[in-house]
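Architecture and fold: a report
In case you want the letters, here they are:
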Amino acid sequence: MLKENICRLIDSKKHEFIDLSDRIWDHPEIGLEEFYSAEAIMEVLKKEGFQVESGLSKIDTAFKGTWGEGHPIIGFLGEYDALAGMSQKALSLEKEPLEEGCPGHGCGHNLLGAGALAAAVALKDHMEEEKIPGTVVYFGCPAEETASCKTIMAREGDFNICDLVVTWHPADNTYVVTDSCLSDCMMLFKFKGISSHAAAAPHLGRSALDAAELFNVGVQYLREHIPDGCRIQYAYLDVGGQAPNVVQSRASLYYDFRAPKVSMVRELRPRIIRVAEGAAHMTETEMECEVTSAMSDYAPNLTLSKIMGEAMQELGSIGFSPEAHALADAMTKTLSEGDIKESTSLMNLYVRPAEVAERAKYNLQEVPLPYVETHRCEPSSTDVGDVSYVAPTAQCYVTTETFGTQLHSWQAVSQGKSAIAHEGMIYAAKVMALTAAKVLEDPEVLKAIREEHEANIPEYDCPLPEGVEPRVIK
Ligand SMILES: [Zn+2]
């Protein structure tokens, strides 16, 4: 009954959310500039009777919509930022920008934001109909791709009210995410020296560029002595200048380092800073550094994740339309063998090899993978991690793309307002709303979710220092 009820509620308003997702796709905005998208979502929230508060955590495009009263408080996370330079015509079978150099929805966040909203509204409708006490909160979380605003929102306490949080991400397969992922920290390092004539008076110069190079070399040696699974990468933002006959007086580097746990990132940070200090010392230059963004690892609440798995199995196949299948059959021809292989190998975590081979024959993955606790750390990072430290969190991936489509590809943008995307998004909304509705039915489950969180998750200590505001480094 519960399942039928949730499906009925979502289906009755699905066109509104599909329209919302398409409008966000049509107005791709990069992180911290998502004014149209945030406004479009807030409009629907207001229309549905949610109290809307914008400018959350002093971020212009962050907001929340609240409906109801008292506990349990159920949070849904929405994202809506696009990716720079990813403009692409919808439904095209070749790389074809809509507007050269403009942003595009390469990660499906148009679907993410609208789908999570559909779930929040359906849960509200269900609680209203059945007179279930509690609160539904939709969080509008900006700049997932660039400024990790959920970390800032977590630091400012926005998610503290939640008893549980549910979210999803568009993908080319359907399953509950029980992987953890890497904690991440990004830092700017600036070296300042003294410029001089490189031939006539090198003894008067102090090279910031030398410092930057020695810093990077020092980090190469550090890599041998850091825990497995850590990653350290860097990019030059400024090499001083282009004249080799000048001792370069300035140089700056952008560092990105990750580890399986946020506590390990904390330990790594001062070690990297010490190498930078050493490089400055060796070159008699000055060094300044600052953290620009940081994310905790994702720590899924397995009690809640399991309920999400049950919801998914109850809902069964997405049952894509012939239109969706036809697009997938055409789109698959644009994908490389490597793309398909990558997506196929992931299924080994969930089903036996024979079933992997069977499933991989289909261009659209419409039957959800079984619920499996993978105990794997996915080598990527998300700011959902910080939410998971504050409140018990579950998330799923749902098929919105042809099998083998990689996120941040032109194919992902092209399919962003297709039948595959729409039907997958509506299914994701059903999974999320049903998950929350199941928890509301059973106070014992809610208690178990809370107990697991308290037993396993250390107290949240935001990896982003106080005062660091969201910013996009260009
Ligand atoms: Zn994404």
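Nothing here was measured: the structure is a model prediction, and the numbers come from that model.

Attention shifts here to the coordination of the zinc ion. Under perfect tetrahedral coordination by four donors, a metal shows angles of 109.5 degrees; under perfect octahedral coordination by six donors, it shows angles of 90 or 180 degrees. The coordination sphere of the zinc ion, as far as protein atoms go, consists of Cys107 (SG), His109 (NE2) and His169 (NE2), spread over 2.1 to 2.3 Å. The sequence pattern describing where the donors of the zinc ion fall on their chain is C-x1-H-x59-H. Placement of the pair is Cys107 in the loop between strand E3 (73–78) and helix H3 (109–130) and His169 in strand E5 (residues 164–171), with a sequence separation of 62 residues. Residue His169 is classed as buried on the basis of its relative accessible area, which comes to 12%.

Moving on, we get to the domain arrangement of the protein chain. The domain boundaries assigned to the protein chain delineate domain 1 (2–181 + 297–456) and domain 2 (183–295). On a C-alpha basis, the centroid separation for the pair domain 1 and domain 2 is 37 Å. Summed over both sides, the interface between domain 1 and domain 2 buries roughly 820 Å², with carbon and sulfur atoms accounting for 51% of that surface. A per-residue breakdown of the area domain 1 buries against domain 2 is headed by Ser148, Asp297 and Ser381, which together make up 52% of the total. Counting the contacts that link domain 1 with domain 2 gives one salt bridge.

Helix H13 (residues 419–441) packs onto helix H7 (residues 302–315) with a crossing angle of 125 degrees between their chain directions and a minimal axis gap of 9 Å. When the axes of H7 and H13 are compared, the pair comes out oblique. The way H7 lies across H13 gives a crossing that is right-handed. Residues Leu304, Ile307, Met308, Glu310, Ala311, Met312, Glu314 and Leu315 of H7 lie in contact with H13, whose contacting residues are Tyr427, Lys430, Val431, Met432, Leu434, Thr435, Lys438 and Val439. Residues of the contact of H7 with H13, tallied by class, amount to 11 nonpolar, one polar and four charged.

Glancing now at helix H14 (residues 443–456). Between its first and last C-alpha atoms H14 spans 20 Å; for 14 residues at 1.5 Å apiece the expected length is 20 Å, and the two agree. Those residues of H14 that fall on the buried side of the exposure criterion are Val445, Ile449, Glu452 and His453. All buried residues of H14 lie within an arc of 100 degrees about the axis, which places them on one face of the element. Looking at H14, the residues exposed on the side facing more than 90 degrees away from the buried face are Pro443, Glu444, Glu454 and Ala455. Elements that come into contact with the buried residues of H14 comprise E5, H7, helix H11 (384–390) and H13. The opening residue of H14 is Asp442, an N-cap whose side-chain oxygen sits 3.0 Å from the backbone nitrogen of Glu444.

Rules of the game
Residues numbered from 1 in each chain as written. Predicted model: local features only at pLDDT ≥ 70, side-chain atom pairs only at ≥ 80, totals over all residues. Heavy atoms only, no water. Donors = N, O, S within 2.8 Å, 3.2 Å for Na, K, Ca; no water. Helix = DSSP H or I, 4+ residues; strand = E, 2+ residues; numbered from the N terminus. Buried < 20%, exposed > 50% of the residue type's maximum accessible area, 1.4 Å probe, protein only. Domains from an automatic or database assignment. Buried area = accessible area lost by both parts, 1.4 Å probe. Salt bridge = Lys/Arg side-chain N within 4 Å of Asp/Glu carboxyl O. Axes fitted to C-alpha atoms, helices over the stretch in contact; angles between N-to-C directions. Parallel < 35°, antiparallel > 145°, perpendicular 65-115°, else oblique. Left-handed = near helix turned anticlockwise from the far one by under 90°. Contact = heavy atoms within 4.5 Å. Nonpolar A, V, L, I, M, F, W, Y, C, P; charged D, E, K, R; others polar. Expected span 1.5 Å × (residues − 1). Arc of directions from axis to C-beta. Polar contact = N/O pair within 3.5 Å; in protein donor to acceptor, adjacent residues only side chain to side chain.

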